[in-house]
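Tertiary structure, described
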Amino acid sequence: MRYNPKLLCKLMQTKGHKIKHNCISFSQWRSNKYWTLKNANETHQLEITPTLLCNTGESIRQAALSGAGIVLNSEVMLDRDIQTGRLIQILPNFTIASHTMHILRCQTTPVPPVIDMFIKHVLKAV
């Protein structure tokens with residue numbers, strides 16, 4: 001699915017403008033009615049009406065790959081697909097508002113080495 005970046009940039013010029021494309025959003029965000037995007041000097045809050053709500057980053061990724069619409073997801077989840085051309089980054093000069101990431105594990109002593117390595121890897125990657 002391809003969208004015209006010039007059209008979306010034009011939408012960004014009006015604060016509070018509503019995106020009328022199929023949008024896929026994360027159901028766990030406190031507000032899945034708005035996407036907050038930032039560039040060097042401005043913050044834009046775009047109103048969306050999600051056509052699909054997903055509860056995992058992977059399900060958002062799969063929906064994007066199937067052509068279901070525009071997604072707002074982390075670089076960690078989409079970078080490989082963008083690099084290989086399976087997905088197209090439509091607003092490369094904008095960043096998204098940060099969201100907290102949690103790592104949960106069972107309380108065991110000592111921490112199994114594979115879990116410890118995974119946690120260190122995730123912390124290094126983000």
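Further up the page is the structure itself.
Bear in mind the structure is a predicted one, so any value in this text is a computation, not a measurement.

1. Concerning the overall build of the protein
A count of helical and extended segments in the protein gives 4 helices and 6 strands. Written out in order from the N terminus, the α and β elements of the protein read α-β-β-β-β-α-β-α-β-α. Long-range contacts, defined here as pairs at least 24 residues apart, represent 58% of the contacts in the protein between residues at least 6 apart. Just so you have it, the protein exposes about 9300 Å², and 54% of that area is on carbon and sulfur atoms.

2. Considerations on a nonpolar patch on the surface
The grouping of Val76, Met101 and Val126 at the surface amounts to a nonpolar patch, some 330 Å² of accessible area in total. Note on placement: Val76 falls in helix H3 (residues 75–83). We classify Val76 as exposed; its relative accessible area is 59%.

3. With respect to the side chain of Asp81
Relative to the assigned elements, Asp81 resides in helix H3. Not counting the four nearest positions on each side in its chain, Asp81 is found in contact with Arg61, Leu65, Arg86 and Leu87.

4. Things to note about the nonpolar core
Core analysis: the biggest nonpolar cluster contains 10 residues, these being Cys23, Trp35, Leu37, Leu46, Ile48, Ile70, Leu72, Ile90, Leu91 and Phe94. Core analysis: the next-biggest nonpolar cluster, separate from the first, contains 9 residues, Phe26, Ile60, Ala63 and Ala64 among them.

5. Notes on the sheet that holds strand E4 (residues 50–54)
Hydrogen bonds along the backbone pair up the strands of a sheet, which may run parallel or antiparallel. Strand order in the open sheet made by the 3 strands is E4-E1-E5, with parallel pairing throughout. Both edges of this open sheet fall to E4 and strand E5 (70–71), since each of them pairs with a single strand only. Alignment of strand E1 (residues 23–26) against E4, held across 4 bridges, turns out to be parallel. Counterpart to Phe26 in the pairing with E4 is Cys54. With respect to the sheet, helix H2 (residues 57–65) is in contact with E1, E4 and E5, its orientation differing from that of E1 by roughly 170°.

The rules we used
- Residues numbered from 1 in each chain as written.
- Predicted model: local features only at pLDDT ≥ 70, side-chain atom pairs only at ≥ 80, totals over all residues.
- Heavy atoms only, no water.
- Helix = DSSP H or I, 4+ residues; strand = E, 2+ residues; numbered from the N terminus.
- Contact = heavy atoms within 4.5 Å.
- Areas by Shrake-Rupley, 256 points an atom, 1.4 Å probe, with all protein chains shown as cover.
- Patch = residues over 30% accessible without salt bridge, like charges linked within 9 Å, V, L, I, M, F, W, Y side chains within 5 Å.
- Salt bridge = Lys/Arg side-chain N within 4 Å of Asp/Glu carboxyl O.
- Buried < 20%, exposed > 50% of the residue type's maximum accessible area, 1.4 Å probe, protein only.
- Core = buried A, V, L, I, M, F, W, Y, C linked by side-chain atoms within 4.5 Å.
- Pairing = 2+ DSSP bridges.
- Axes fitted to C-alpha atoms, helices over the stretch in contact; angles between N-to-C directions.

Function-wise, these values are silent; they only describe arrangement.
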